[in-house]
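Each chain, letter by letter, is given below.
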Amino acid sequence: MDLYNEENIFISNHPLIQHKISIMRKKETGTNEFRRLTEEIAMLEGFEALADLPLKEVEVETPIETCMTPMIAGKTLAIVPILRAGLGMVSGVQALVPSAKVGHIGMYRDEETHEPHPYYCKLPSPIEERLIVVTDPMLATGGSAVDAINQIKAQGGKQIKFMCIIAAPEGLERLHKAHPDVQIYVGHLDRQLNEAAYICPGLGDAGDRIFGTK
Ligand code: PRP
Ligand code: URA
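Residues numbered from 1 in each chain as written. Chains lettered and ligands numbered in written order. Predicted model: local features only at pLDDT ≥ 70, side-chain atom pairs only at ≥ 80, totals over all residues. Heavy atoms only, no water.

**Describing the pattern of salt bridges**
Point 1. What the rule picks out here adds up to 9 salt bridges.
Point 2. Measuring nitrogen to oxygen at the nearest pair gives 2.7 Å for the salt bridge that ties Glu 40 to Lys 20. In this pair, Glu 40 sits in helix α2 (residues 31–49) while Lys 20 sits in helix α1 (residues 15–25), placing the two residues 20 residues apart along the sequence.
Point 3. Assessed through its relative accessible area of 23%, Glu 40 is described here as partly exposed.
Point 4. Salt-bridge contacts for Glu 40 lead to Arg 36; the nearest nitrogen and oxygen are separated by 2.9 Å. You can see Glu 40 and its partner Arg 36 sitting in helix α2, 4 residues apart, about one turn around the helix.
Point 5. Classification of Arg 36 by relative accessible area gives partly exposed; the value is 39%.
Point 6. What emerges from the salt-bridge pattern is a single network uniting Lys 20, Glu 33, Arg 36 and Glu 40. (Salt bridge = Lys/Arg side-chain N within 4 Å of Asp/Glu carboxyl O. Helix = DSSP H or I, 4+ residues; strand = E, 2+ residues; numbered from the N terminus. Buried < 20%, exposed > 50% of the residue type's maximum accessible area, 1.4 Å probe, protein only.)

**A short note on the side chain of Arg 209**
Point 1. Among the structural elements, Arg 209 can be located in helix α6 (residues 206–211).
Point 2. Buried within the structure, Arg 209 lacks any salt-bridge partner; its nearest side chain of opposite charge belongs to Glu 28, at an N-O separation of 7.1 Å.
Point 3. One polar contact links the side chain of Arg 209 to the main-chain carbonyl oxygen of Met 24, over a distance of 2.9 Å.
Point 4. For Arg 209, the side chain forms a polar contact with the main-chain oxygen of Thr 29, separated by 3.0 Å.
Point 5. Beyond its immediate sequence surroundings of up to four residues, Arg 209 is in contact with Met 24, Arg 25, Lys 26, Lys 27, Thr 29, Thr 31, Phe 34 and Leu 203. (Lys, Arg positive; Asp, Glu negative; His and termini not counted. Polar contact = N/O pair within 3.5 Å; in protein donor to acceptor, adjacent residues only side chain to side chain. Contact = heavy atoms within 4.5 Å.)

**Side note on the site of ligand 2**
Point 1. Near ligand 2, the surroundings consist of Arg 109, Met 138, Ala 140, Ala 197, Tyr 198, Ile 199, Gly 204, Asp 205 and Ala 206.
Point 2. At a separation of 2.8 Å, an oxygen atom of ligand 2 approaches a polar backbone atom of Ile 199.
Point 3. Between ligand 2 and the protein, one listed contact pairs an oxygen atom with a backbone N or O atom of Ala 206 at 2.8 Å.
Point 4. Calculation on ligand 2 without its partners gives an accessible area of 240 Å², and the protein chains cover 89% of this total.
Point 5. With respect to the pocket detection grid, ligand 2 is positioned in the largest pocket.
Point 6. Its residues assigned to classes, the shell around ligand 2 comprises 6 nonpolar, 1 polar and 2 charged. (Near = heavy atom within 4 Å. Areas by Shrake-Rupley, 256 points an atom, 1.4 Å probe, with all protein chains shown as cover. 1 Å grid on protein atoms, 1.4 Å probe; cavity = no way out; pocket = protein on both sides within 12 Å on 5 of 7 lines; lining within 4 Å. Sits in = over half its atoms within 2 Å of the grid points. Nonpolar A, V, L, I, M, F, W, Y, C, P; charged D, E, K, R; others polar.)

**Some words on the site of ligand 1**
Point 1. Around ligand 1, the structure places 15 residues, and the nearest of them are Arg 109, Asp 136, Thr 141, Gly 142 and Ser 144.
Point 2. Contact between ligand 1 and Arg 109: an oxygen atom at 2.8 Å from a side-chain N or O atom of the residue.
Point 3. With respect to ligand 1, the side chain of Asp 136 contributes an N or O atom lying 2.4 Å from an oxygen atom.
Point 4. Considering ligand 1 on its own, with 500 Å² of exposed area, one finds that the protein chains cover 90% of that surface.
Point 5. More than half of the atoms of ligand 1 fall within 2 Å of the grid points belonging to the largest pocket.
Point 6. Elements that contribute at least two residues to the shell around ligand 1 include exactly β6 (104–109), β9 (138–139) and α4 (143–154).
Point 7. Considered class by class, the residues forming the shell around ligand 1 number 6 nonpolar, 5 polar and 4 charged.

**What about the environment of Asp 147?**
Point 1. Here Asp 147 lies in helix α4.
Point 2. A sequence separation of 96 residues divides Asp 147 from Ala 51, and the C-alpha atoms of the two residues are 26 Å apart.
Point 3. Sequence-distant contacts of Asp 147, defined by excluding residues within four places in its chain, comprise Met 107, Pro 116 and Pro 118.

**Notes on α1**
Point 1. All of the buried residues in α1 are Ile 17, Gln 18, Lys 20, Ile 21, Ile 23 and Met 24.
Point 2. Where α1 is buried, its residues contact α2, β10 (159–167), β11 (183–189) and α6.

**Quick word on the nonpolar core**
Point 1. Of all hydrophobic cores here, the largest spans 33 residues; its most connected members are Leu 50, Leu 77 and Met 163.
Point 2. Breaking this core down by element, the ones donating at least two residues are α1, α2, α3 (90–96), β8 (131–135), β10 and α6.
Point 3. Here this core gets 5 residues from one element, more than from any other, and that element is α2.
Point 4. For Met 163, the residues in contact, after removing those within four places along its chain, are Ala 42, Glu 45, Gly 46, Ala 49, Met 89, Val 93, Val 133, Val 134, Thr 135, Asp 136 and Tyr 185. (Core = buried A, V, L, I, M, F, W, Y, C linked by side-chain atoms within 4.5 Å.)

In structure tokens form, the structure reads like this:
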């Protein structure tokens with residue numbers, strides 16, 4: 001399967017995103033810088049991911065004259081981070097769309113089986129009318145993303161985009177197969193997973209690096 005040619009998969013080649021990801025990878029990059037880079041990459045990816053937002057013409061009075069001018073149409077966005085690490089991307093997308101509502105999906109990976117364990121889900125209503133942007137920096141086996149999107153669809157979510165910073169080919173393929181209708185935005189596609197289902201070369205545990213735990 002040639003993932004690069006699949007519809008609904010968008011893998012960034014933007015130099016700013018690649019540069020910032022390289023700094024995140026360094027093991028000496030500390031929590032403050034790591035968190036700031038997570039936000040900045042989310043904003044850059046969000047700029048691309050939201051390029052198809054619908055517009056409507058509205059009347060505006062400038063200091064010179066009245067004109068019709070485009071503004072974002074429709075219900076506001078829902079940003080839905082997968083806890084914990086997805087939280088680090090929220091402010092970057094919110095900076096672009098300050099009116100966005102934020103839902104949360106709590107999930108952790110079992111260290112042995114690598115299967116996701118959901119523990120929380122709260123989405124802004126009416127979820128079926130919103131464009132939903134799911135955020136998680138790491139798409140590894142894809143289990144967490146697939147399960148999170150299953151939960152969103154079960155609650156009525158229809159138009160869904162998924163944004164991550166680093167993906168493994170295994171996770172990208174699994175997510176695309178499970179949810180071919182979901183547009184997937186990837187900052188960088190890495191080589192593979194290791195035996196512990198960590199992304200190689202990756203950046204380690206994103207949640208621990210964002211929140212300074214471990
Ligand atoms: C990490 C990451 C993803 C998940 C990816 O979260 O933030 O949610 O692993 O792995 P997968 O694609 O194999 O499911 P983790 O479970 O470590 O929880 P945390 O964010 O609370 O640290
Ligand atoms: N979760 C992470 O935070 N990093 C990985 O490499 C895989 C899953």
